[in-house]
Amino acid sequence: GENVEQHPSTLSVQEGDSAVIKCTYSDSASNYFPWYKQELGKRPQLIIDIRSNVGEKKDQRIAVTLNKTAKHFSLHITETQPEDSAVYFCAASKDTGFQKLVFGTGTRLLVSP
Amino acid sequence: DVKVTQSSRYLVKRTGEKVFLECVQDMDHENMFWYRQDPGLGLRLIYFSYDVKMKEKGDIPEGYSVSREKKERFSLILESASTNQTSMYLCASRQGLAGHQETQYFGPGTRLLVL
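Residues numbered from 1 in each chain as written. Chains lettered and ligands numbered in written order. Predicted model: local features only at pLDDT ≥ 70, side-chain atom pairs only at ≥ 80, totals over all residues. Heavy atoms only, no water.

Colleague: Run through the pattern of salt bridges, naming residues and quoting values.
Modeller: Going through the model one piece at a time under the given rule, you end up with eleven salt bridges over all chains. Across the salt bridge formed by A:R61 and A:D84, the nearest N and O atoms sit 2.9 Å from each other. Remark: A:D84 occurs in the loop between β8 (72–77) and β9 (86–92) and A:R61 occurs in the loop between β6 (56–59) and β7 (62–67); sequence separation between them is 23 residues. Judged by its relative accessible area of 22%, A:R61 is partly exposed. The closest approach of N and O atoms between B:D38 and B:R44, which form a salt bridge, is 2.9 Å. The exposure class assigned to B:R44 is partly exposed, which follows from its relative accessible area of 26%. Three or more residues are tied together by salt bridges with common partners; here these are B:D28, B:E30 and B:K71. (Salt bridge = Lys/Arg side-chain N within 4 Å of Asp/Glu carboxyl O. Helix = DSSP H or I, 4+ residues; strand = E, 2+ residues; numbered from the N terminus. Buried < 20%, exposed > 50% of the residue type's maximum accessible area, 1.4 Å probe, protein only.)

In structure tokens form, the structure reads like this:
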């Protein structure tokens, strides 16, 4: 089955810096890659997703890139702010069967003022 | 606005007790999921249901069962709670359109402590 690895497990940056979180997946049939953000004590919420027919997607300060050949995808946050501090999860699924999401192990991002 | 609620935010149970965790969604979603969240392990799928009375095992179903008698409600059952089931339990739902990969909406979580 699918396996998703996520790095780093923790990331500390200064406010205004960029942050990059990377994920690799094992199943070449996977074609949907969402990112969820979980603030402390809150539920995970989708922040951005990408499908395998595109290589990059942007939404204001966040962007996701996908390299299907290498089977990895990354989350990029520019001009980080303290409110970006959270745990970020990547995930992968394919559009056949039950379309289960397989999650990475999470990255704790801390943005210091 | 999708709303997914869970019956308890915090729960303390004793080893061997039968534990029920309830999840309700108000958006007429077809699919519902139960995950457990542990530090360093991310979100792991326990069970999911793609329709009423239908259920499928996820990646870690041992020690758990589920029930989906009504579309809006998905229950997770720990038949005989053990200390290694101490965890955060998250419920999620999604629309369930065939061939579409859609957003999963999560509940607030239930933090379960088994003594």
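Colleague: Pulling in residues and values, what's your account of the state of the cysteines?
Modeller: Under the counting rule described, the total for this entry stands at two disulfides over all chains. Sulfur-sulfur distance for the disulfide between A:C23 and A:C90 comes to 2.0 Å. Between A:C23 and A:C90, the S-S torsion sits near -100 degrees, and that sign places the bridge as left-handed. Linking A:C23 in strand β3 (residues 19–25) with A:C90 in strand β9, this pair joins segments that are 67 residues apart in sequence. With respect to class, A:C23 is no different from A:C90; both count as buried. Across the disulfide from B:C23 sits B:C91; the S-S distance is 1.9 Å. In this structure, the disulfide formed by B:C23 and B:C91 twists by about -75 degrees around the S-S bond and is classed as left-handed. Residue B:C23 is found in strand β3 (residues 19–25), and its partner B:C91 is found in strand β9 (residues 87–94); the two are separated by 68 residues along the sequence. (Disulfide = S-S within 2.5 Å.)

Colleague: Before we move on, can you summarise unusual backbone geometry with the specific residues and values?
Modeller: For the bond running from A:H7 to A:P8, omega is -5 degrees, close enough to zero to count as cis. With respect to the secondary-structure elements, A:P8 resides in the loop between β1 (4–7) and β2 (10–14). The backbone of A:K71 shows a phi angle near 60 degrees, a positive value even though the residue is not glycine. Looking at A:K71, the relative accessible area reads 25%, which means it is partly exposed. Even without a glycine there, the phi angle at B:K53 is positive, about 65 degrees.

Colleague: An account of the side chain of B:D38 is requested, with residue identities and associated values reported.
Modeller: Residues and elements named next belong to chain B. Mapped onto the elements, D38 comes out in strand β4 (residues 31–38). Since its relative accessible area comes to 11%, D38 is described here as buried. Excluding residues within four positions of it along the chain, D38 makes contact with R44, T86 and S87. (Contact = heavy atoms within 4.5 Å.)

Colleague: An account of the packing of aromatic side chains is needed here, citing residue identities and associated values.
Modeller: Inspection of the entire model under this criterion finds 13 aromatic pairs over all chains. Centroid distance A:Y36 to B:F106: 5.5 Å. Interplanar angle 85 degrees. Geometry classified as edge-to-face. Placement of the pair is A:Y36 in strand β4 (residues 32–38) and B:F106 in strand β10 (residues 105–106), with the two residues belonging to separate chains. On the accessibility criterion, A:Y36 (0% relative accessible area) is buried. You can call B:F106 buried: its relative accessible area is 2%. When the centroid spacing of 6.2 Å and the interplanar angle of 25 degrees are considered together, the rings of B:F33 and B:Y35 count as stacked. What makes B:F33 buried here is its relative accessible area of 0%. Pairwise contacts between aromatic rings join A:Y36, A:F89, A:F103, B:F33, B:Y35, B:F48 and B:F106 into one cluster. (Phe/Tyr/Trp six-rings, centres within 6.5 Å; stacked < 30°, edge-to-face > 60°.)

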